[in-house]
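One-letter residues, chain by chain:
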Amino acid sequence: MDKNSNTYTFIYASVMVILVAAALAYVNGALKEKQNKNVEVDKMSQILSSVNIRPAYSEAEAKYNEVITAAYLVNEQGEVVSDNAKEAFAADKTKLAVFEATVDGSKKYIIPLYGAGLWGDIWGYVSLNDDANTIYAASFSHKGETPGLGAEIATEKFQEPFAGKQIFKDGKLLSLAVLKAGAVPDERDYVDAITGGTRTSEGVEKMLKNCLLQYEAFFKNIQAKEEEVSHE
Amino acid sequence: MNKERKEVLLSPLDKKNPVLVLVLGICSSLAVTAQIKPALVMGISVTVVVAFSNVIISLLRNTIPNRIRIIVQLVVVAALVIIVEQILKAYSYEVWGQLSVYIGLIITNCILMGRLEAFALGNGPWDSFLDGIGNGLGYTIILVIIAFVRELFGSGSLLGFQIIPQSFYDAGYVNNGLMIMPPMALIVVGCIIWVHRSMHKDLQEK
């Protein structure tokens, strides 16, 4: 057959595309399960890093089961709507998940955060002490912020100052400010923004505020309970 | 292995180095060389993809219609890259996370198309395989040298282990931030090419 004829070219291209598609579909199907498992373990280690535990990849799952004592879904009124830990773990940003961790004998609440940076999604987890007000630690990740600038939100240098900051002021949930050097702080607690990563820093600030506000009722319930205990 | 085959395998490491002499694959050598580990993984991935796409194209070389040969090459390369990515994602998730967008960049690595066009279309599968391995390794070596310089002076570590002792930092030594930035990779490549050319006078243009 003439290799330069149109028929040959068409047949060649079609067969090639079908074969390649079949091969890719097979590889994807065969590895799917293992990949999903990896995504899960990655999520576990991200949740753990929000309480300052950074296990090696192979130990993340065991450590997660040890540290995270409960996971559940709440609604905007702060009521627990599902205490199925698996469901809470798999929840996306439309649901309000809460993870409870026990670190050095005290209880921490871990809240997932979802937001947008400059180039794409950013997300993270923030852990609160049992007063549901003081931040114990925070961790952030991103899809594709600029390396060296916005991507710095994923470093401990950016995350460490969150510890000890309070999200409530006079009983109102104000969240935190992420401030550029030289900016005048308002009544909120604040951490330093990243030089050259302004838009990503703003994204972090917005993300904290949007996500935490949805949990306001839940936090207040905890604080009310704490009050009762301390008055007794 | 006879002498010609040895030449096919070894010459890309030095005198026909794809990065230093052909100046191919520069984009990725800027992107992934801030640290040695991603550079190494990128090098190995490229080596695997060049070698196998070379073999496949070489096997198909007598059947490929001339008019769509570039498209055929691209499809083969893209398919292999996706398979490499899927395997990394399943078995080495952390590395996959680090390389993320750069894996896709393997497809656009000029070394691949360069070798397919220049070698695989005109040579047998075994020779093509050696040529792919040789060029992949030649690329990897340069990447690792650049990454060595950048990681040592930019982060004070090698392969993630701290090399420059803490006492230096206490005495006022500071990591060179410019080393982390992509332009520095270009300057390092330039310096390596300079040294390489002065060692091989016959490569110097008049």
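Everything below is about the structure printed above this text.
Residue numbers here run from 1 along each chain, matching the order of that chain's written sequence. Lettering of chains starts at A and numbering of ligands starts at 1, both following the order in which they are written. Owing to the predicted nature of the model, reporting of local features is limited to residues with pLDDT of at least 70; listing and counting of side-chain atom pairs is limited to 80 or more, with chain, interface and lining totals taken over all residues. The side-chain numbers reported here are obtained from all heavy atoms of the structure, hydrogens and water having been left aside.

Novice: So what about the overall build of chain B? Which residues, and what values?
Specialist: Secondary structure summary: chain B contains 11 helices and 2 strands in total. Its helices and strands in sequence order give chain B the pattern α-α-α-α-α-α-α-α-β-β-α-α-α, from N to C terminus. Atoms considered for the radius of gyration are the C-alpha atoms alone. The globule rule reads 2.2 Å times the number of residues to the power 0.38. Radius of gyration (C-alpha) of chain B: 18 Å, near the 17 Å computed for a compact globule of 206 residues. Dimensions of chain B, computed from the C-alpha atoms along their principal axes, are close to 65 × 50 × 30 Å. Under the scheme applied here, a residue whose accessible area is under 20% of the maximum for its type counts as buried, over 50% as exposed, and between as partly exposed, the area being computed with a 1.4 Å probe on protein chains only. Out of the 206 residues belonging to chain B, those deemed buried represent 45%. Note on definitions: a residue-residue contact is assigned when non-hydrogen atoms from the two residues lie within 4.5 Å. Residue pairs in contact within chain B that sit at least 24 positions apart in sequence constitute 75% of those at least 6 positions apart. In short, Shrake-Rupley with a 1.4 Å probe defines the accessible areas, and a residue's cover is counted only from the protein chains shown. As presented, chain B carries roughly 10200 Å² of accessible surface, and 69% of it is formed by carbon and sulfur atoms. By the counting rule applied here, Lys and Arg register as positive and Asp and Glu as negative, while His and the ends of each chain are not counted. Where a charge lies is defined by one atom per residue type: Lys uses NZ, Arg uses CZ, Asp uses CG and Glu uses CD. One finds the centroid of the 15 positive side-chain charges in chain B at a distance of 7 Å from the centroid of its 12 negative side-chain charges. The way it works is that DSSP assigns letters per residue, a run of H or I at least four long becomes a helix, a run of E at least two long becomes a strand, and they are numbered from the N terminus.

Novice: Go over the sheet that holds strand E4 (residues 106-116) of chain A, please, and point to the residues and values.
Specialist: Residue and element names in this part refer to chain A. Strand pairing is assigned whenever DSSP detects at least two bridges linking the two strands. Spatially, the 6 strands line up as an open sheet ordered E2-E1-E3-E4-E5-E6, and their pairing is antiparallel. Edge positions in the sheet fall to strand E2 (80-82) and strand E6 (135-142), since each of these pairs with one other strand and no more. The sheet shows a mean angle of 35 degrees between the axes of neighbouring strands, taken without regard to direction. Pairing geometry for strand E1 (residues 68-74) and E2, over 2 bridges, is antiparallel. Residue Val74 lies in a different strand from E2, and its bridge partner there is Val80. Think of each axis as a best-fit line through the C-alpha atoms, taken over the contacting stretch in the case of a helix, with angles from 0 to 180 degrees between the N-to-C directions. Packing of helix H5 (residues 198-214) onto the sheet brings it into contact with strand E3 (96-103), E4, strand E5 (121-128) and E6, and relative to E4 it is tilted by some 125 degrees.

Novice: Kindly report on empty space enclosed by the protein, identifying the contributing residues and their values.
Specialist: Residue and element names in this part refer to chain A. Only protein atoms enter the 1 Å grid used here. Points where a 1.4 Å probe fits but cannot escape make up a cavity, open sets with protein on both sides within 12 Å along at least five of seven lines make up a pocket, and a residue lines them when an atom lies within 4 Å of a point. Grid points are joined across faces, edges and corners, and a volume is the space filled by probe spheres set on the points. Using the criterion set out here, one finds 1 cavity of 30 Å³ or more in the structure. In this model, the largest cavity occupies a volume close to 50 Å³. Contributing to the lining of the largest cavity are Lys43, Ala88, Phe89, Ala91, Asp92, Lys95, Ala97, Phe99, Pro112, Tyr114 and Tyr125. Only helix H3 (85-90), E3 and E4 provide two or more residues apiece to the lining of the largest cavity. Residue polarity follows a fixed list, in which Ala, Val, Leu, Ile, Met, Phe, Trp, Tyr, Cys and Pro are nonpolar, Asp, Glu, Lys and Arg are charged, and the others, Gly among them, are polar. Grouping the constituent residues of the lining of the largest cavity by class yields 8 nonpolar, no polar and 3 charged.

Novice: Quick one: what's the story with the interface of chain A and chain B, residue by residue and with numbers?
Specialist: On the chain B side, the residues contacting the 20 residues of chain A number 21 residues. In short, buried area is how much 1.4 Å probe accessible area vanishes from two parts on joining, totalled over both. Taken together, both faces of the contact between chain A and chain B bury some 2000 Å²; the carbon and sulfur share is 66%. Throughout this description, the term salt bridge denotes a Lys or Arg side-chain nitrogen within 4 Å of a carboxyl oxygen of Asp or Glu. Linking chain A with chain B are 0 salt bridges. Side-chain atoms alone can form a polar contact between residues adjacent in sequence; in general such a contact is a pair of N or O atoms within 3.5 Å, and within protein one must be able to donate a hydrogen while the other accepts it. Viewed at the interface, chain B and chain A are joined by 7 residue pairs in polar contact (both at pLDDT 80 or more).

Novice: How would you summarise the packing of aromatic side chains if you had to cite specific residues and measurements?
Specialist: Any Phe, Tyr or Trp ring, taking Trp's six-membered ring, that has another such ring centre within 6.5 Å forms a pair; planes under 30 degrees apart are called stacked, those over 60 apart edge-to-face, and the others tilted. Taken as a whole and judged by the stated rule, the model has 16 aromatic pairs over all chains. Ring plane angle 15 degrees and centroid distance 5.9 Å describe the contact between Trp126(B) and Phe129(B), whose orientation is recorded as stacked. Taken as a pair, Trp126(B) and Phe129(B) lie in helix H8 (residues 125-155) at a separation of 3 residues, close to a single helical turn. Judged by relative accessible area, which is 46%, Trp126(B) ranks as partly exposed. Its relative accessible area of 23% is what places Phe129(B) among the partly exposed residues. Between Tyr169(B) and Tyr173(B), the ring centres sit 5.6 Å apart and the planes meet at 70 degrees, which makes this aromatic pair edge-to-face. Put simply, the rings of Tyr72(A), Tyr109(A), Phe168(A), Tyr215(A), Phe218(A) and Phe219(A) touch in pairs and so form one group of aromatic residues. Above the ring of Phe89(A), the side-chain terminus of Lys43(A) is found at 4.9 Å from the ring centroid. A ring is considered to have a charge above it if a Lys NZ or an Arg CZ atom is located within 6 Å of its centre and within 35 degrees of its normal.

Novice: I'd like to hear about helix H4 (residues 69-91) of chain B, residue by residue, with values.
Specialist: Expected helix span is taken as 1.5 Å per residue step, with the number of steps being one fewer than the number of residues. Taking 1.5 Å of rise per residue, 23 residues should cover 33 Å, and H4(B) covers 33 Å from first to last C-alpha, within 8% of that figure. The complete set of buried residues in H4(B) reads Val72(B), Gln73(B), Val76(B), Val77(B), Ala79(B), Leu80(B), Val81(B), Val84(B), Gln86(B), Leu88(B) and Ala90(B).

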